[in-house]
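# Structural overview for review
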Amino acid sequence: MADGRLVIGTRRYSSWSMRGWLSVRLAGLDVTEDVIPLAQHDTAMRIGAVSPSGKVPYLEHWNVRVWDSLAIAEYCAEIEPSLWPSDPVARGLARSVSAEMHAGFQGLRAAMPMNLGREGRSLAHGTPDAAISDITRIDALWNEARDNFGGHGSYLFGREFGNADAAYAPVVSRFLSYGVLLSPAAQRYAEAVRAHPLVAEWYREAAAEPASWTTARYESVD
Ligand SMILES: N[C@@H](CCC(=O)N[C@@H](CS)C(=O)NCC(=O)O)C(=O)O
């Protein structure tokens, strides 16, 4: 019997679920995974029945209830501290860039929603300024983390894929599917994240979701 459950939304679309799932899997929690398809007639009712915020991801582990991807990341790091870098300066940056993702980049998120089933996307009316400035900032912060703490590893803080990489994995998917032009180091980082076994597993499971879970709300955007 599992130690709890993780409730997530449609893998194809749910960037917040992807972040929470990555942290949970990296921490090795033994939980079942319940998927609630997004944008269906009963989605709000089904999520509301389990998650106090009315949003996914939502985690129950032993007798602990945690919702919101950043809270889940912190909870997972209590169990597996290596999800944050051990060096306090690196850890400060890892927490900050994760919080920056969690609280911001609305321009990018609005212009380029995650859809793991669509590659080679383009924006019919060009990339809005707000998205361009988010892309510029993300490229810079990835380079700052990698230049200072990446060492010989492929990830933001070295060889281990941690909570900060989980926070940016859905951003990577947007950059790759829209063909966003990045600095060479940021492009290499994006490709390393996409190739990580857990990210690849999430993509595979997204591709295996029932066709009936696709919805015009997410498919009709550029
Ligand atoms: N700040 C939250 C955001 C969670 C969120 O917005 N989740 C979306 C799915 S990606 C959701 O549950 N939406 C409710 C719905 O679609 O009915 C987090 O970090 O977990």
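Note that the structure is a prediction, hence the values are computed from the model and not measured. (Residues numbered from 1 in each chain as written. Predicted model: local features only at pLDDT ≥ 70, side-chain atom pairs only at ≥ 80, totals over all residues. Heavy atoms only, no water.)

## Comments concerning the pattern of salt bridges
Threshold: The salt bridge definition used is simple: a Lys or Arg side-chain nitrogen within 4 Å of an Asp or Glu carboxyl oxygen. Under the DSSP-based scheme used, a helix requires at least four consecutive residues in state H or I and a strand at least two consecutive residues in state E, with every element numbered from the N terminus. Think of it in three bands: residues with accessible area under 20% of the maximum for their type are buried, residues over 50% are exposed, and the middle band is partly exposed, with areas taken using a 1.4 Å probe on protein chains only.
Taken as a whole and judged by the stated rule, the model has eight salt bridges. In this structure, glutamate 33 and arginine 11 form a salt bridge, with 2.6 Å as the shortest nitrogen-oxygen distance. Note that glutamate 33 is positioned in strand E2 (residues 31-36) and arginine 11 in the loop between strand E1 (4-9) and helix H1 (15-27), a separation of 22 residues in sequence. Take arginine 11: its relative accessible area is 7%, and that puts it in the buried class.

## A closer look at the site of the ligand
Here is the rule we go by: Proximity criterion: a residue is near a molecule or strand once any of its heavy atoms comes within 4 Å of it. Throughout this description, a polar contact denotes any pair of N or O atoms lying within 3.5 Å of each other; where both atoms belong to protein, one of them has to be capable of donating a hydrogen while the other can accept it, and for residues adjacent in sequence the pair is counted only when both atoms sit in side chains. All accessible-area figures derive from a Shrake-Rupley calculation using a 1.4 Å probe, and residue coverage is judged against the displayed protein chains alone. Cavities and pockets are found on a 1 Å grid laid over the protein atoms alone: a cavity is a set of points where a 1.4 Å probe fits but cannot escape, a pocket is an open set with protein on both sides within 12 Å along at least five of seven lines, and a lining residue has an atom within 4 Å of such a point. A molecule is counted as occupying a cavity or pocket when more than half of its atoms fall within 2 Å of that pocket's grid points. Residues are grouped as follows: Ala, Val, Leu, Ile, Met, Phe, Trp, Tyr, Cys and Pro are nonpolar; Asp, Glu, Lys and Arg are charged; all remaining types, including Gly, are polar.
The full set of residues close to the ligand is Ser14, Trp16, Leu38, Thr43, Gly54, Lys55, Val56, Pro57, Asp68, Ser69 and His102. One nitrogen or oxygen atom from the side chain of serine 69 is found 2.6 Å from an oxygen atom belonging to the ligand. Bound to the protein, the ligand loses 78% of the 520 Å² it would expose on its own. When atom positions are compared with the pocket grids, the ligand is found to occupy the largest pocket. When its residues are assigned to classes, the shell around the ligand shows four nonpolar, five polar and two charged.

## Details of the side chain of glutamate 209
Keep this limit in mind: This count recognises Lys and Arg as positive and Asp and Glu as negative, with His and chain-terminal groups excluded. Residue contacts are counted whenever heavy atoms from the two residues lie within 4.5 Å of one another.
In this fold, glutamate 209 is placed in the loop between helix H9 (197-207) and helix H10 (216-219). Here glutamate 209 is buried and forms no salt bridge, its nearest opposite-charge partner arginine 11 lying at an N-O distance of 4.6 Å. At a separation of 3.2 Å, a polar atom in the side chain of glutamate 209 contacts the main-chain amide nitrogen of arginine 12. Discounting chain neighbours no more than four positions away, the residues touching glutamate 209 are Thr10, Arg11 and Arg12.

## Re helix H3 (residues 69-79)
Every buried residue of H3 is accounted for by Ser69, Ile72, Ala73, Tyr75, Cys76 and Ala77. Residues of H3 that are buried in the fold lie against H1, strand E3 (58-61), strand E4 (64-67), helix H4 (88-103) and helix H7 (163-177). Between the side-chain oxygen of the N-cap and the backbone nitrogen of leucine 70 there are 3.1 Å, and the N-cap of H3 in question is aspartate 68.

## Observations regarding the nonpolar core
So the rule is basically this: In these notes, a set of buried Ala, Val, Leu, Ile, Met, Phe, Trp, Tyr and Cys residues joined through side-chain atoms within 4.5 Å is what counts as a nonpolar core.
Residues Leu22, Trp142, Tyr168 and Phe175 are the most contacted members of the largest nonpolar core, which totals 60 residues. Beyond its immediate stretch of four places on either side in the chain, tyrosine 168 contacts Val97, Met101, Phe105, Ile138, Leu141, Trp142, Leu156 and Tyr189. Formed by eight residues, the second largest nonpolar core is a distinct cluster that contains Val7, Ile36, Ile47 and Tyr58.

## A short note on the layout of surface pockets
Heads up, the rule is: Grid points are joined across faces, edges and corners, and a volume is the space filled by probe spheres set on the points. Boundaries between domains were set according to an automatic or database domain assignment.
Of the voids in this model, the largest pocket is the one considered here, and its volume is about 600 Å³. Those elements that place two or more of their residues in the lining of the largest pocket are H1, helix H2 (43-48), H4 and H10. Class assignment for the residues of the lining of the largest pocket results in 13 nonpolar, eight polar and six charged. Counting only domains with at least three residues in the lining of the largest pocket, you end up with domain 1 (4-81) and domain 2 (84-202).

## Observations regarding the environment of glutamate 209
The exposure class assigned to glutamate 209 is buried, which follows from its relative accessible area of 13%. Taking the C-alpha atoms as reference points, glutamate 209 and arginine 65, 144 residues apart in sequence, are found 27 Å from one another.

## With respect to the domain arrangement of the protein chain
Selection criterion: Buried area adds together the accessible area that both of two parts lose upon being put together, with accessible area traced by a 1.4 Å probe.
According to the domain assignment, the protein chain consists of domain 1 (4-81) and domain 2 (84-202). Domain 1 and domain 2 are separated by 21 Å when their C-alpha centres are compared. Facing the 22 residues of domain 1 at the interface are 25 residues of domain 2. Between domain 1 and domain 2, a total of about 2,200 Å² is buried, with carbon and sulfur atoms accounting for 65% of that surface. Sorting the residues of domain 1 by area buried against domain 2 places Arg12, Met18 and Arg19 first, and these three jointly supply 29% of that buried surface. Counting the contacts that link domain 1 with domain 2 gives two salt bridges. Across the salt bridge formed by glutamate 201 and arginine 25, the nearest N and O atoms sit 2.7 Å from each other. Secondary-structure elements contributing two or more residues to the side of domain 1 that touches domain 2 are H1 and H3. Sort the elements by how many residues they give to the side of domain 1 that touches domain 2 and H1 lands first, with ten residues.

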